[in-house]
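Listed below, chain by chain, are the residues.
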Amino acid sequence: QKEVEQDPGPLSVPEGAIVSLNCTYSNSAFQYFMWYRQYSRKGPELLMYTYSSGNKEDGRFTAQVDKSSKYISLFIRDSQPSDSATYLCAMSSSASKIIFGSGTRLSIRP
Amino acid sequence: DTGVSQNPRHKITKRGQNVTFRCDPISEHNRLYWYRQTLGQGPEFLTYFQNEAQLEKSRLLSDRFSAERPKGSFSTLEIQRTEQGDSAMYLCASSLLNTEAFFGQGTRLTVV
């Protein structure tokens, strides 16, 4: 079993819809949680960073962490065609490497 | 400072040749990570440094791979005797201790 599980998609939604992306993990020591967006043939771009449990909002993006369920989510409101990309979840514990999910391909239909 | 810089952006090499990639992290970031990514997969951990110390190296990593970070600044990743299976995007990221990591644009390696 992988330490971080992420549905690869693809996920296709109409423009303006709310998108929900999720990851589950097995290592209860993880404390730092990140979401990255990656366009084709580009490096990952950091979207959200959260420490421990709770919610964090930045513009159209909301990140949620539920450590009791070992489950993290990223919500995108008012989705735009420019949001079409691969979304990667990532996490780590103190003094450890960052582990990534396999990524979810998202397509926003105009 | 404009972020993490990786060079070259693209490298085509013949099988059996050695290649070296360079990563310049964000100034004052003490952690530096190397990852490898193939099409449709998430970044796969290779190794990471805290300052000049290499703290962990993936068990999946062949002895043909070596990384250095002299003086805790830039880092190099060398692949000796390249194989076609080494073709991938090699990503570098940097961070402060226990904070978010920022990635460079990667080096795309093609072994022919």
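Here we summarise the structure given alongside this text.

Parameters at a glance
Each chain carries its own residue numbering, running from 1 in the direction its sequence is written. Lettering for chains starts from A, numbering for ligands starts from 1, and both go in the order in which the items are written. Given that the model is predicted, a residue must reach a pLDDT of at least 70 before its local features are reported, and side-chain atom pairs must reach 80 or more before they are shown or counted; all residues, however, enter totals for whole chains, interfaces and linings. Each side-chain value is worked out from all heavy atoms of the structure, with water and hydrogens disregarded. When a carboxyl oxygen of Asp or Glu is within 4 Å of a side-chain nitrogen of Lys or Arg, the pair counts as a salt bridge. Secondary structure elements follow DSSP: runs of H or I of four or more residues count as helices, runs of E of two or more count as strands, with numbering from the N terminus. Working definition: with a 1.4 Å probe on protein chains only, accessible area under 20% of the residue-type maximum means buried, over 50% means exposed, and in between means partly exposed. The criterion used for residue contact is that any of the two residues' heavy atoms lie within 4.5 Å. For any pair of parts, buried area is found by adding up, for both, the accessible area (1.4 Å probe) each one loses once the two are put together. As used in this structure description, the phrase polar contact means that two N or O atoms lie within 3.5 Å; if the pair is within protein, one of them must be able to donate a hydrogen and the other to accept it, and residues adjacent in sequence are counted only when both atoms belong to side chains. Stacked, tilted and edge-to-face pairs are distinguished by plane angle, under 30 degrees for stacked and over 60 for edge-to-face with tilted covering the rest, among Phe, Tyr and Trp rings (Trp via its six-membered ring) whose centres lie within 6.5 Å. Should the NZ of a Lys or the CZ of an Arg lie within 6 Å of a ring centre and within 35 degrees of the ring normal, that charge is described as sitting over the ring. Joining through side-chain atoms within 4.5 Å is the link that ties buried Ala, Val, Leu, Ile, Met, Phe, Trp, Tyr and Cys residues into a set, and such a set is a nonpolar core. By the convention used here, strands pair only if DSSP detects at least 2 bridges between them.

**Focus on the pattern of salt bridges**
- For the structure on display, the rule yields 8 salt bridges over all chains.
- With a shortest N-O distance of 2.7 Å, E56 of chain B and K97 of chain A are connected by a salt bridge. Here K97 of chain A lies in the loop between β9 (85–92) and β10 (99–100) and E56 of chain B lies in strand β6 (residues 53–57), a pairing that spans two chains.
- For E56 of chain B, a relative accessible area of 29% corresponds to the partly exposed category.
- Measuring nitrogen to oxygen at the nearest pair gives 3.4 Å for the salt bridge that ties R64 of chain B to E83 of chain B. Pair noted here: R64 of chain B is in the loop between β6 and β7 (65–68) and E83 of chain B is in the loop between β8 (75–79) and β9 (88–95), with a separation of 19 residues, a long-range link.
- In this structure R64 of chain B comes out as buried when scored by relative accessible area, which is 9%.
- When its relative accessible area of 41% is taken as the criterion, E83 of chain B is described as partly exposed.
- Several salt bridges share partner residues, and in doing so they unite R64, E83 and D86 of chain B into one network.

**Structural notes on the environment of Y32 of chain A**
- Along the chain, Y32 of chain A turns up in strand β4 (residues 32–38).
- For Y32 of chain A, a relative accessible area of 10% gives the class buried.
- In this structure the C-alpha to C-alpha distance between Y32 of chain A and S94 of chain A, which are 62 residues apart in sequence, comes to 8.0 Å.
- Contact partners of Y32 of chain A, with chain neighbours within four places excluded, come to Y49, T50, Y51, A90, M91, S92, S93 and S94 of chain A together with N98 of chain B.

**Here we look at the interface of chain B and chain A**
- Contacts between the two partners involve 22 residues from chain B and, on the opposite side, 20 residues from chain A.
- When chain B packs against chain A, the two sides together hide about 1700 Å² of surface, and 53% of this comes from carbon and sulfur.
- Among the residues of chain B in contact with chain A, N98, E100 and F103 of chain B are the three that bury the most area, contributing 26% of the side total.
- In this structure, the connection of chain B to chain A is made through 1 salt bridge.

**Some words on the side chain of Q6 of chain A**
Residues and elements named next belong to chain A.
- Tracing the backbone through its elements, the reader meets Q6 in strand β1 (residues 4–6).
- Residue classification places Q6 among the buried positions, given a relative accessible area of 6%.
- At 3.4 Å, the side chain of Q6 and the backbone nitrogen of C89 are in polar contact.
- Excluding anything up to four places from it in sequence, Q6 contacts N22, C23, W35, Y87, L88, C89, G101, S102, G103 and T104.

**Focus: the packing of aromatic side chains**
- Scanning the model with the defined rule gives 15 aromatic pairs over all chains in all.
- Centre to centre, the rings of Y25 of chain A and F33 of chain A are 5.4 Å apart; their planes meet at 45°, and the pair counts as tilted.
- For the pair F21 of chain B and Y90 of chain B, a centre-to-centre distance of 5.4 Å together with 45° between the ring planes defines the contact as tilted. Note that F21 of chain B is positioned in strand β3 (residues 19–24) and Y90 of chain B in strand β9, a separation of 69 residues in sequence.
- A connected cluster of aromatic rings, assembled from ring pairs, spans Y36 and F100 of chain A together with Y33, Y35, F45, Y48 and F103 of chain B.
- One residue, K97 of chain A, lies across the ring of F45 of chain B, its end atom 5.3 Å from the ring centre.
- Directly above the ring of F74 of chain B sits R22 of chain B, whose terminal nitrogen or CZ lies 3.9 Å from the centroid.

**What to know about the nonpolar core**
- Of all hydrophobic cores here, the largest spans 24 residues; its most connected members are V4, W35, I72, L74, Y87 and M91 of chain A.
- Of all the secondary-structure elements, those providing two or more residues to this core are β3 (19–25), β4, β5 (45–51), β7 (61–66), β8 (71–76), β9 and β11 (104–109) of chain A.
- The contacts of V4 of chain A, once residues within four sequence positions are left out, are C23, T24, Y25, F30, C89, M91, I99, F100 and G101 of chain A.
- In this structure, L32, W34, L77 and Y90 of chain B belong to the second largest nonpolar core, which totals 19 residues.

**Things to note about the pairing of strand β6 (residues 54–58) of chain A**
Residue and element names in this part refer to chain A.
- With 5 bridges connecting them, β6 and β7 associate as antiparallel partners. From the neighbouring strand, K56 faces β7, where its bridge partner is A63.
- Counting the residues between successive antiparallel strands, the hairpin from β6 to β7 contains 2 residues, one of them, G59, with a positive phi of roughly 65°.

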